[in-house]
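This is what each chain is made of:
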Amino acid sequence: MGCKEEVGVLSRNVQDGSMTPEAALEAKLGLIGCSPADVRCFLSTHPPPSRLLPGVEALVKTLQARGVAVYLVSGGFRELTLPLAAHLGIPKDRVFANRMNWQADDETGEATRLVGLDASELLAHAAGKRKAIARIRQKHPYHTVAFVGNSLSDMRAVEAPGGADVFIGFGGVEHREEVALATEWYVDGFRPLARGLARYKVAMIGSGAWACAAAHMMAQNTAQHDLADEFLTDVTMWVHDEDYKGRSLVQVINEEHENLKYFPGCRLGPNVVAEGSLEAAAADADLLIFCLPHQYMLGVCQQLMGKVKPGAAAISLIKGMRVQPEGPQLISQMVRRYLNIDCCVLMGANIATDIAKEELSEAVIGYQNLDHAERFKKLFERPYFRITLLPDPVGAEMCGTLKNIVALGAGMVDGLGMGPNTKATIIRQGLSEMREFSKALYPGVHDQTFLEGCGVGDLVATCAGGRNRLVACAWTKAQLEGNAKSFGTLEAEILKGQKLQGTLTSDEVQEIIKRRAWEKRFPLFTTINRIINGHLPPKYITNYIEGGAMEIPGTTSSEEDHLPACPVYNNIVSTNGANGNSNGNGHVLRWSPVNANPAETVV
């Protein structure tokens, strides 16, 4: 409006303290002397894109895509600022600026003449920007507030109580040496700010079937164009290197983009990079995904102690626990203890082969830190893989751990040739014991968790098609056919190097049950454990009430010793006399396995 230089002088007077903001604003309005028509003409002649600096639109869109709230705090006037905010997608209630006072026509009600400054706005007074930030913080308890400004007075919005946490000096409009020297971070445009946004490095610790299926999803997300641009494109995968047909497995994965040994047919993508060194794979990773047999996690955590990036976050896809004298330790608890980082859990009906084929699946992310959970959701979620956030990480992890025991029972039912009614009974009882056992150890676990995808969803899927059901079915059939095989043998034959989790988890859970004398409280868990360890024949899966109530030497809480190294098949005493051959002092079952070699039945 022909007074740019004069307005600039007034702004500098405010900066050097020779003039108050109120006086300068009134003087500016006196110089401008505009009418409503002048404002409309200016906005028409200077549309928002022409008034924005290069890179600001992309930066704002990226921040908003990441869930960052963007505010516009300006010493200018709302009449000129609101169109800019609208173009950038910033809501009106996130704009703090000065406002002009207009005189309205008595007959038409339309503004006709500028009469001065609206003194009710925060920015019309000294320390207005600091007060605006304080109001923002009062209304929204953000963790961190960063303020981009171009003057020393803007810096005071950080130094004052209730102000911003971080100040970024901006010289994109006018370079001010005093600001550049006084700030730790000074930029001459918006593009450097965009480049400075954090991008997270992702590392998968594990390379089995489920790890490969999960890496397949993550690699799709990190490689696709995304406004948020939160993740580095490459996903590092730790692979326990071994020979595969005369070649290093690491080399095979990096050249073929597929784990041909453990999960052939699942394309990992060229941005999944196999690494044979655990420490190298985890180095500088911002997001660590743990997906390997749970019995190996203690060694992995011990090896990574003190070598994980401070501030990193982890998520466990592992279903299992570690039993200690003082009680159980979940995998997420182990990660927190040894690595000193937060750890979410991802649990659900996640059979790897189905996910690799991109069939519809779902999971929950159990969390303590919501920010981390939302970040992992962005990393994993695909159109075919739906994720729900659940503030019950312990409940979700317990579900994922215990369902493998129930799946063994479901496999025994299938191996016995029984129908869906029997399997439904085992699944229903299993879900009930999963809930009761979890709440007995962790009273804060939510009941609703067991109805989520990590509970009944995962249980149904595992009992229908999981590896524990499959191997238990084969084990039971082999017993009945007179060709008994150990679970270890069947694991090698059927799973081709993948690990069976249910038998180990059953032993771990039964150790807890035994120490607390809970055998009758959890009859299905107890019966399944006694069957897999050779203390009961498979047919007892349909009579788990009695199977859990029997007093079997070496397996009940009255015995101080742990289970014997080799299974005991004789001298199984029934407490109610329902089965077995009477000897006058109770009923003794004398069942011998068809395989005479005890070592073949050791799990």
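Residues numbered from 1 in each chain as written. Predicted model: local features only at pLDDT ≥ 70, side-chain atom pairs only at ≥ 80, totals over all residues. Heavy atoms only, no water.

For the chain, the helix and strand inventory stands at 25 helices and 22 strands. What you see for the chain is a C-alpha radius of gyration of 33 Å, clearly larger than the 25 Å of a compact globule of 603 residues, by over 25%. Dimensions of the chain, computed from the C-alpha atoms along their principal axes, are close to 110 × 55 × 40 Å. Put simply, the chain has 603 residues, and 49% of those count as buried. Contacts in the chain between residues at least 24 apart in sequence constitute 64% of all its contacts with a sequence separation of at least 6. On the chain, roughly 27,200 Å² of surface is accessible, and the fraction owed to carbon and sulfur atoms is 51%. Counting 59 positive and 67 negative side-chain charges, the chain places the averaged centre of each group 3 Å from the other. (Helix = DSSP H or I, 4+ residues; strand = E, 2+ residues; numbered from the N terminus. Rg over C-alpha atoms; globule rule 2.2 N^0.38 Å. Buried < 20%, exposed > 50% of the residue type's maximum accessible area, 1.4 Å probe, protein only. Contact = heavy atoms within 4.5 Å. Areas by Shrake-Rupley, 256 points an atom, 1.4 Å probe, with all protein chains shown as cover. Lys, Arg positive; Asp, Glu negative; His and termini not counted. Charge placed at Lys NZ, Arg CZ, Asp CG, Glu CD.)

On to helix α23 (residues 502–515), then. Counted at 1.5 Å a residue, the expected span for α23 with its 14 residues is 20 Å, and the 20 Å between its end C-alpha atoms agrees. Most of α23 sits out of view: ten of its 14 residues are buried. Taken together, the buried positions of α23 are Gly 502, Thr 503, Thr 505, Ser 506, Glu 508, Val 509, Gln 510, Ile 512, Ile 513 and Lys 514. Remark: Ala 517 follows α23 within two positions and exhibits a positive phi of approximately 55 degrees. (Expected span 1.5 Å × (residues − 1).)

If you check the domain split of the chain, you get domain 1 (11–196), domain 2 (198–391) and domain 3 (392–551). Distance between the C-alpha centres of domain 1 and domain 3: 63 Å. (Domains from an automatic or database assignment.)

Time to look at the layout of surface pockets. Considering only enclosed or pocket space, the second largest pocket measures out at about 1,100 Å³ in volume. Taken together, 43 residues line the second largest pocket, and the ones lying closest to its centre are Ala 209, Trp 210, Arg 467, Gln 498 and Lys 499. Only α11 (209–223), α16 (352–356), α18 (393–415), α20 (453–465), α21 (467–481) and α22 (487–495) provide two or more residues apiece to the lining of the second largest pocket. Looking at the lining of the second largest pocket, its residues break down into 20 nonpolar, 15 polar and eight charged. Built from parts of two domains, the lining of the second largest pocket gets at least three residues from each of domain 2 (198–391) and domain 3 (392–551). (1 Å grid on protein atoms, 1.4 Å probe; cavity = no way out; pocket = protein on both sides within 12 Å on 5 of 7 lines; lining within 4 Å. Points joined across faces, edges and corners; volume = space filled by probe spheres on them. Nonpolar A, V, L, I, M, F, W, Y, C, P; charged D, E, K, R; others polar.)

Moving on to the packing of α11 against helix α17 (residues 370–380). For any two helices packed against each other, the geometry is given by the interaxial angle and the distance between the axes. Put simply, α11 and α17 touch, their axes get as near as 7 Å, and they point 95 degrees apart. With respect to α17, the element α11 is oriented roughly perpendicular. Touching Ala 214, Met 217, Met 218, Asn 221 and Thr 222 of α11 are Lys 378, Leu 379 and Phe 380, all from α17. (Axes fitted to C-alpha atoms, helices over the stretch in contact; angles between N-to-C directions. Parallel < 35°, antiparallel > 145°, perpendicular 65-115°, else oblique.)

What follows is about the sheet that holds strand β6 (residues 166–170). Spatial strand order, β5-β6-β7: three strands in an open sheet with parallel pairing. At either margin of the open sheet sits one strand with a lone partner, and together these are β5 (146–149) and β7 (186–187). Here β5 runs beside β6; their pairing, made up of four bridges, is parallel. Among the inter-strand pairings, Ala 146 is bridged to a residue of β6, identified as Val 166. Relative to β6, helix α8 (residues 152–159) is tilted by about 170 degrees, and along the sheet it contacts β5 and β6. (Pairing = 2+ DSSP bridges.)

Glancing now at a negative patch on the surface. A cluster of acidic residues, Asp 105, Asp 106, Glu 107 and Glu 110, forms a negative patch at the surface. Locating Asp 106 in the fold gives a position in the loop between β3 (100–104) and β4 (111–117). The exposure class assigned to Asp 106 is exposed, which follows from its relative accessible area of 82%. (Patch = residues over 30% accessible without salt bridge, like charges linked within 9 Å, V, L, I, M, F, W, Y side chains within 5 Å. Salt bridge = Lys/Arg side-chain N within 4 Å of Asp/Glu carboxyl O.)

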